[in-house]
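Commentary on secondary and tertiary structure
Letter by letter, the chains look like this.
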Amino acid sequence: MKPRLEDEVIWHDVECGGYSADLALWRELAASANAGAIIDVGAGSGRVALDLGLNGYEVVAVELEPKLAAALAARADGLNIAVENIDARKMTLGRRFPLCLIPMQTIQLFEPADRKKILEVLADHLEVGGRLAIALAGPLEGFDPGLVAGLLPIPDLREVDGIVYASQPVAVRVGPQASAIERVRRRVSVDGSVQESVDVVELHHLSADELESEGLSLGLTPCQRREIPETDEHIASTVVVLQLSPA
Ligand SMILES: C[S@@+](CC[C@H](N)C(=O)[O-])C[C@H]1O[C@@H](n2cnc3c(N)ncnc32)[C@H](O)[C@@H]1O
């Protein structure tokens with residue numbers, strides 16, 4: 001019998017697992033990397049790492065949350081994926097990589113000082129000429145403050161062991177430095193009982209121009225910008241690609 005999934009993993013799967021619009025780009029970057037492993041920073045329950053692993057790439061998946069890292073390790077059985085349950089800000093893997101990915105706006109979870117720390121650490125893990133590709137959310141700061149129901153996507157839904165998990169974004173609250181994305185999570189049992197909770201994720205505002213200039217100060221030269229169009233459920237994003245220059 002399969003072990004029961006932890007709620008943290010299920011919610012992560014519900015809210016992130018269904019997004020696939022960026023996968024073709026990560027595969028394309030992986031295909032053009034020199035032979036060698038790819039780092040997936042903030043790998044979560046494995047959406048990107050597993051896709052790359054299934055496509056034959058070696059991946060080092062870095063994830064802070066122990067339950068997500070454990071679920072990913074179980075799912076990666078038989079694939080060339082090493083899971084590191086560590087804080088990316090303190091990562092010392094002792095080797096260099098041709099490609100490092102930070103998908104799905106994970107970079108915007110960090111305060112500017114922590115973001116600088118992550119960029120420094122990742123620059124230390126890249127081969128010369130190696131690339132760091134970072135996804136940024138489309139501009140949230142252009143949204144009107146408060147509830148913006150007309151712009152909100154439809155709920156993410158998943159059924160696990162007879163329980164329906166539904167996560168509905170209900171507000172984007174725009175602040176001067178960051179925007180808070182508020183979701184109502186509902187867990188509906190077969191007997192119709194509903195458990196409801198609110199989850200808030202804060203994304204720091206960060207433009208592609210700012211990120212490229214932060215990269216340049218660390219010897220990371222901008223080499224590409226790619227756009228991922230919006231989908232019915234997810235806003236558009238820009239992927240900034242930075243390349244480690246020779247010292
Ligand atoms: C938005 S989710 C993205 C998950 C996955 N990359 C995807 O695209 O589906 C961000 C992930 O980054 C992880 N994370 C946050 N801070 C981290 C840190 N300091 N080091 C490693 N992982 C971190 C979170 O636990 C979460 O799983």
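The preceding data block contains the structure.
So, here is what we can say about the structure in this document. Along each chain, the written sequence defines residue order, and numbers are assigned to residues from 1. Thresholds applied to this predicted model are a pLDDT of at least 70 for local features of residues and 80 or more for the giving and counting of side-chain atom pairs; totals over whole chains, interfaces and linings are not thresholded and use all residues.

Looking at the site of the ligand
For the ligand, the set of nearby residues contains 18 residues, the closest of which are Gly-42, Gly-44, Arg-47, Ala-88 and Met-104. Taken together, the residues of the shell around the ligand sort by class into 10 nonpolar, 3 polar and 5 charged. Here is the check we use: build the C-beta atom from the backbone, and if it is within 6 Å of the molecule or strand, call the residue near. Each residue receives one of three labels: charged for Asp, Glu, Lys and Arg, nonpolar for Ala, Val, Leu, Ile, Met, Phe, Trp, Tyr, Cys and Pro, and polar for the others, Gly being one of them.

What about the pairing of strand E1 (residues 38-41)?
Labels follow a simple rule on C-beta atoms placed from the backbone: if 20 or more others lie within 10 Å of a residue's own, it is buried; if 12 or fewer, it is exposed; otherwise it is partly exposed. Here a strand is any run of E in DSSP of at least two residues, a helix any run of H or I of at least four, and the numbering for each starts at the N terminus. Because side chains alternate across E1, one face comprises the buried residues Ile-38 and Asp-40, and the other comprises Ile-39 and Val-41, equally buried. The sheet contact formed by E1 and strand E2 (residues 59-62) spans 4 bridges and is parallel. By the bridge assignment for E2, Val-41 is matched with Val-62. As for the winding sense of the linkage, the β-α-β connection from E1 through helix H3 (residues 47-54) to E2 is right-handed. Two strands form a pair only when DSSP identifies at least two bridges running between them. Seen with the strands pointing away from the viewer, any crossover whose path from the first strand over the helix to the second strand runs clockwise is right-handed.

Overview of the nonpolar core
Among the nonpolar cores identified, the biggest contains 61 residues, and Ile-38, Leu-101 and Ile-134 are the most heavily contacted of them. Per-element accounting of this core gives the leading share, 7 residues, to strand E5 (residues 126-137). All the domain ranges listed were derived from an automatic or database domain assignment. If you count residues domain by domain, this core takes at least three from each of domain 1 (7-139 + 205-244) and domain 2 (141-203). Not counting chain neighbours up to four residues away, the residues in contact with Ile-134 comprise Ile-102, Ile-107, Leu-211, Val-239 and Val-240. By convention in this section, buried Ala, Val, Leu, Ile, Met, Phe, Trp, Tyr and Cys residues joined through C-beta atoms within 7 Å make up a nonpolar core. With C-beta atoms placed from the backbone, a contact is any residue pair whose C-beta atoms sit within 7 Å.

Focus: H3
The element H3 is largely enclosed, with a buried count of 6 among its 8 residues. What H3 keeps buried is the set Arg-47, Val-48, Ala-49, Leu-50, Leu-52 and Gly-53. Positive backbone phi, at 95°, marks Gly-56, one or two positions downstream of H3.

A word on the packing of helix H2 (residues 23-31) against H3
Interaxial angles span 0 to 180 degrees and are taken between N-to-C directions of axes, which are lines fitted to C-alpha atoms, for helices over the stretch in contact. Two numbers describe how H2 lies on H3: the axes approach to 10 Å, and their chain directions differ by 50°. Accordingly, the angle class assigned to the pair H2 and H3 is oblique. The crossing of H2 and H3 is right-handed. Mapping the contact onto sequence places Leu-23, Trp-26, Arg-27 and Ala-30 in H2 and Val-48, Asp-51 and Leu-52 in H3. Note on terminology: angles under 35 degrees are roughly parallel, angles over 145 are roughly antiparallel, angles of 65 to 115 are roughly perpendicular, and the others are oblique. Throughout, a crossing is termed right-handed when the near helix is turned clockwise from the far one, and left-handed when it is turned anticlockwise from it by less than a right angle.

Things to note about the sheet that holds strand E6 (residues 156-160)
Ordered in space as E6-E7-E8-E9, the 4 strands form an open sheet in which the pairing is antiparallel. At either margin of the open sheet sits one strand with a lone partner, and together these are E6 and strand E9 (194-204). With direction set aside, neighbouring strand axes in the sheet form an average angle of 20°. Bridge count for strand E7 (residues 163-174) against strand E8 (residues 178-188) is 10 bridges, and the pairing is antiparallel. Each bridged residue has a counterpart across the sheet, and for Arg-173 the counterpart in E8 is Ala-180.

Focus on the pairing of E8
From the end of E7 to the start of E8, which pair antiparallel, there are 3 residues. In this structure, E8 lies alongside E9, joined through 11 bridges in antiparallel fashion. Directly across from Arg-183, in E9, lies its bridge partner Asp-199.

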